[in-house]
Amino acid sequence: MNTTAPVTIASGERPILSVRDLEKTFGSLVAARDITVSIPPQQTVGVIGANGAGKTTFVNMVTGHLMPSKGAILFEDREITGMPSREITRLGISRSFQVAQIFPSLSVFDNMCIAAAIARSSGGVLGGLASPVASPAAIAEAESTIELFQISSYRDTTASTLPQGVRKLLDIGMAVVGWPRLLLLDEPTSGISIEEKFDLMNVVMSALKSRKITVLFVEHDMEIVGRFADRVLAFYDGTVIADGTPDETLADPQVQELITGVKLKSAAGAGGHA
Amino acid sequence: MADRQALPGTLAMSYRIHFNESLADAVPRIVCEQMERAVAVLTVPDPDVTQAIHQVRKRCKKIRGLLRLVYGRDEVVVVLVTYATFLILEDVIVLIWGPRSYAAWQPMVAAGSIEVGRLILSNYDIILVGIAAGLAALAYWSLRFTRYGRLLTAVIFDRETAAAFGVNVTLVYTATFLIGAMLGALGGAVMAPKISVTLGIGVEVIVLAFAVVAIGGMGSIEGALIGALIVGICRAAAVHLVPQIELFVIYGVMALVLAVRPYGLFVRAQPRKI
Amino acid sequence: MSMANGRAQLVGGLLFLLAAAAGPALPDWIVSLATIAFANALVVLGLIVLWRAGLVSFGQALYYCIGAYVVALTARWTGITDAFLLVLLAGIGAGITAVLVGFLLARYREIFFAMLSLALSMILYGVLVKTESLGSTDGFSVMTPTFLGYAPHREALGLALYWMTLGVGAVGAVLVGVYFRSVAGALAAPIRDNEIRVEFLGVSVNRVIHAKVTIAGALGGVGGALAAMTVGHVDPNMAYWTTSGGFVFVTILAGTASVAAAFVGSLVFEGVRSFAYDVMPSLWQMTLGSVLLLTILFLPDGLGSLVVKLRRRRETKTP
C-alpha cells in the first residue's frame, strides 16, 4: 500500500490542518478511526471513498459539528478538537454542504450580505448589535463574492427558486465571503449534471485559488478529482487507505479494488465513479 | 404576461407571481406552466437525451422550490388557529349554557368508596385511573399495529417522503387533530364530577398538560404516563403543603428535567443531518 | 432601501407629532384609549422582534404584569411616584426576568417555545391570585404618578400620560428600528430559515434568541408600566393568557413588516374591541376569534402586507 505523501511539508512550514489519530464511534458503530493527516497551506486535497466510508464524518469533526471520540485536530498549531462550529468558523475554517444550506426566503444578495456582515462583526451579541448589517463594507464583500462565483445574474433572485448549480455556488460563496484560510467542500458537484460539473468546479477552484484558500473537497467523480486535486485521500471503512498524488492514489491497487474499480481500457474513455 | 418571453440567456428559467394574482391561482398556474414546458422538451426529439432529461429535472425543481415557499407555514399556525377557535367557542359555550358554573358531582358520589387500610379511596378515582391506563394502552397499540398508526409515524418522520409515497398527509393530520380533540373532550367529561365546571378550565389544564408533555417528551406515550404521574404527585404535595407554589413546583421539576434532558425523559435529540 | 427607510422614519415622526398635537383637542376617552393602545404597541413591538425569528411568544403578559406590579409596588412601598423613574424600573425589572427566563426559553423553538412562554406567564398569574397581601384577584390601585415634580390632575394627567406614552413609544420604535438594521436584528429571517447555517457562519443562535427574549421582555415591562399608570389599577389578569393572546392578536393583525404596524394595529384593535364590547357584549370574543381566523387564513402577513402590496403596485404602474 502506497502511503508516502509526496506533498510533504517543507521543513519549517507549518501545516494548516493537522489531524492525529482521529476516531468517532456512535455506540458500537465505528464511523472513523486512526485518521492522521497533515495538510500544508494552499494545497488542494481531494477526498474519495464510497458512501459511508467516513468522509463526511471527517469533515463534520474538523468543522465542529461532531465531537471526536478520540484524537486531536489542530488548525495552524492550535487545538480545535471539540470546539463548536461557530468558533471554528471564526478561526478561519469554513465549509460547504452536500445539500446546499442557504436561506431560502432571502435573495442571493441578501444571503451573501448577511454572511459577509456576520464575518465582519465580532461575534458577541453586543458586538453584533452594534454593527449595521447593510454596511458598505459588507455590501462590497457580498458583491465581489457574487461576482467571483459568477452568479451576478441571480443577484436578486429568491434563493428557494435557484437552480441547483447556482445554489451550490451560493452555498460555497457564503462560506468564502469571510475570507477563510481553510475550506472544506462536501460533494460540491452533487446533484449537478455531468456536463455542468466541470464548469462549476472551474469557477469554484479559480475563485478559491484567487483568495489563496487551502481546499479539501469530497468528491465521487474521479475525473474531477484527477483534474483539480494536488493530493488525494482515499477513505474506506472509516480510515484512510491511500494518500498521494491523484495518479498515485488512483493507481493504488487497494483503492482500485475497494473504491474506484479497475479502469477498463475502453475507447469511450468513460470516467470512473465511486 | 412578461414571463412568457424568455429572457436572453436564461432559457425562461424563472417564473413570476403577479401582484394582483392570488397565491391560490398562481401556484397551479405555475405548476402547469412548468409541467407543460417539461413535457414540451420531452416530446420534441432531442439528439441529446441527457440534456432533455436535465431540462425536465430543472422544471420539477422549480415546482418544488415554489411549493416550499408556500408550504412552509409554521407549526405555530396551528396554535394560533386553536386560539382563535377557543375565543369563538368560549362565546358559543356562554350562548348555549350561560356564564354560570356547574357542579356534576352525582357520578362521583354514586360510585362510592372503598377502604384500603387507613385510606378511604373514591371508586370514581380508581375508575379514572383505569380509563387513563386503558386509553394509553389503546394509543400505544394503535400507533404500532394499525395502518393509521404506521401512516402517522411515517408522516411524523418525514412528511415529504410520505407524501411522495402517496400518503394523504392532510387526511392523516386532520384525523390526528380530531382524535386529539376527542381525547381532550373525554378528559373534560370524566373530570367534570371532580371539579367546578366553568369557563377557563381549558386553559388551566393546558398549563398542566404542557408540563406533562415537556417532562415526558413530545410524542412519547410512556413519557406522557410517567410525566403525568410526576406532575400529579408534585401537585398534590404542593397543594397540601404550600398551595401558592403549586405551579412553581411543577415547573421547577420540569426545568430540572429539561436541564438534563432538553427534550424530555423519553425523547433523544435528533441532530439534523447535513 | 435606505431611501425608503429614511422616508418612512420621517413620516412616522410626523405622525407621532401629529398625534401629540391632537391630544388636547380629543375627548378624554379617546386619549385614554390611544394611551392604552400605544402602551400595548410596545409589547407588540417586542413580539415582532421575536416573531421575525420564527418565535411566537404566548406569554408576553408575564413581563407586562411584572412591569405593572413594579410600578404599583414601588409607589406603594417606597413612595416614589415619578413616572419616568417608575417606567425605567419596570423595564429593568421585566428585562432581568427575561434574562433569567431566557436561559431556559432560548433553547426551544416553535410550539415548545410558544407553550413554555404561556406556562410561565400562567405561573405568575397563579402566584398573584393566591397572594392575599397583594389583593388576590382584585389587585390594587396605582398611586397617581408625578412627572419630574409636576403633579397634574384629571385631564392634565390624562394628557401627560398620553404624551409620555407617545414619547416612550417613539423612542422604542426608533431603538427597535436600529436593532432591526443591525446584524443581530437582521439575523431573524436567516435563523427562521436555517439555524444550522447561521451557526456555521459563526453566530451563537441561542444567544441571539436570548437577546431577543430580553428585548421583548423589557418592552413588555415598559408597556405594562404605562398601562398601569393610565388605568390606575393592577390585577393578576394582566398576566392571564388572554392578555398575551391579545398581544398576539394585534401582531397577526398588523403583520411584522414594519415598526409602525405595531402602533396602527394596536390602535385599530383597541378601537374594534371597545366597539364590539359596547355593541355586542355577549359576542365580542366570538367576533375577535372570527376576525383572527380570517386574518390567519387570508391575510397571513397582516394588514401591513397590504400596504407593501399597494406600494409595489404603485411602483410598477408608474412607467
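Residues numbered from 1 in each chain as written. Chains lettered and ligands numbered in written order. Predicted model: local features only at pLDDT ≥ 70, side-chain atom pairs only at ≥ 80, totals over all residues.

K.L.:
Describe the overall build of chain A, and please don't skip the residues or the numbers.
P.N.:
Scanning chain A from N- to C-terminus turns up ten helices and ten strands. Residue pairs at least 24 apart in sequence account for 68% of intrachain contacts in chain A once pairs closer than 6 positions are excluded. (Helix = DSSP H or I, 4+ residues; strand = E, 2+ residues; numbered from the N terminus. Contact = placed C-beta atoms within 7 Å.)

K.L.:
An account of the environment of A:Ser69 is requested, with residue identities and associated values reported.
P.N.:
Residues and elements named next belong to chain A. Looking at the element boundaries, Ser 69 is found in the loop between helix 1 (55-62) and strand 4 (70-75). Note on Ser 69: 15 C-beta atoms within 10 Å, which makes it partly exposed. C-alpha of Ser 69 to C-alpha of Val 30: the two residues are 39 residues apart in sequence and 9.8 Å apart in space. Sequence-distant contacts of Ser 69, that is, excluding residues within four places in its chain, are made with Glu 23, Lys 24 and Thr 25. (Buried ≥ 20, exposed ≤ 12 C-beta atoms within 10 Å, placed from the backbone.)

K.L.:
Let's hear about the pairing of strand 9 (residues 231-236) of chain A: which residues, and what values?
P.N.:
Residue and element names in this part refer to chain A. Taking burial as the measure, the six residues of strand 9 include five buried ones, the bulk of the element. Pairing of strand 3 (residues 44-48) with strand 9, which is carried by four bridges, proceeds in the parallel orientation. Bridge pairing in strand 9 places Val 47 opposite Leu 233. Across five bridges, the pairing between strand 9 and strand 10 (residues 239-244) is antiparallel. (Pairing = 2+ DSSP bridges.)

K.L.:
Any details on the confidence of the model for chain B? Residues and values, ideally.
P.N.:
Residues and elements named next belong to chain B. With 73% of its residues at a pLDDT of at least 70, chain B reaches an overall mean of 77. Here helix 2 (residues 49-71) is the element of chain B with the lowest mean pLDDT, 55, and helix 5 (residues 123-145) is the one with the highest, 91. Predicted confidence for residues 1-13 stays below pLDDT 50, and this span has seven contacts to residues more than four positions away or in other chains. Across residues 66-72, where pLDDT falls below 50, the model places eight contacts with residues more than four positions away in sequence or in other chains. Both scores are given for the predicted complex: the pTM is 0.83, the ipTM 0.87. (pLDDT = per-residue confidence, 0-100.)

K.L.:
Requested: an account of the sheet that holds strand 7 (residues 182-186) of chain A, with residues and values cited.
P.N.:
Think of a sheet as strands paired side by side through backbone hydrogen bonds, with each pair either parallel or antiparallel. Residue and element names in this part refer to chain A. Taken in spatial order, the six strands line up as 6-7-8-3-9-10 in an open sheet, and their pairing is mixed. Here the strands that pair on one side only, and so sit at the sheet edges, are strand 6 (93-96) and strand 10. Averaged over all pairs of adjacent strands, the angle between their axes in this sheet comes to 20°, without regard to strand direction. Where strand 7 and strand 8 (residues 214-218) come together, five bridges link them in parallel fashion. (Axes fitted to C-alpha atoms, helices over the stretch in contact; angles between N-to-C directions.)

K.L.:
So what about the interface of chain C and chain A? Which residues, and what values?
P.N.:
Taken together, the contact pairs 22 residues of chain C with 26 residues of chain A. Breaking the side of chain C that touches chain A down by element, the ones donating at least two residues are helix 6 (154-181), helix 7 (183-186), helix 8 (188-193), helix 9 (195-200) and helix 10 (205-231) of chain C. Among the elements that line the side of chain C that touches chain A, the one with the most residues is helix 9 of chain C, at four residues. Among the residues making up the side of chain C that touches chain A, the classes are represented as 13 nonpolar, four polar and five charged. (Nonpolar A, V, L, I, M, F, W, Y, C, P; charged D, E, K, R; others polar.)

K.L.:
Tell me about the pairing of strand 8 of chain A, and please be specific about residues and values.
P.N.:
Look at any regular strand and the pattern is simple: side chains alternate between the two faces of the sheet. Residue and element names in this part refer to chain A. When you tally the buried positions in strand 8, you get five out of five residues, the bulk of the element. With four bridges joining them, strand 3 and strand 8 adopt parallel strand pairing. Bridging across to strand 8, Gly 46 finds its partner in Phe 217. Once the chain exits strand 7 it traverses helix 7 (residues 194-210) before rejoining the sheet at strand 8, and the crossover so formed is right-handed. (Right-handed = clockwise from strand over helix to strand, strands pointing away.)

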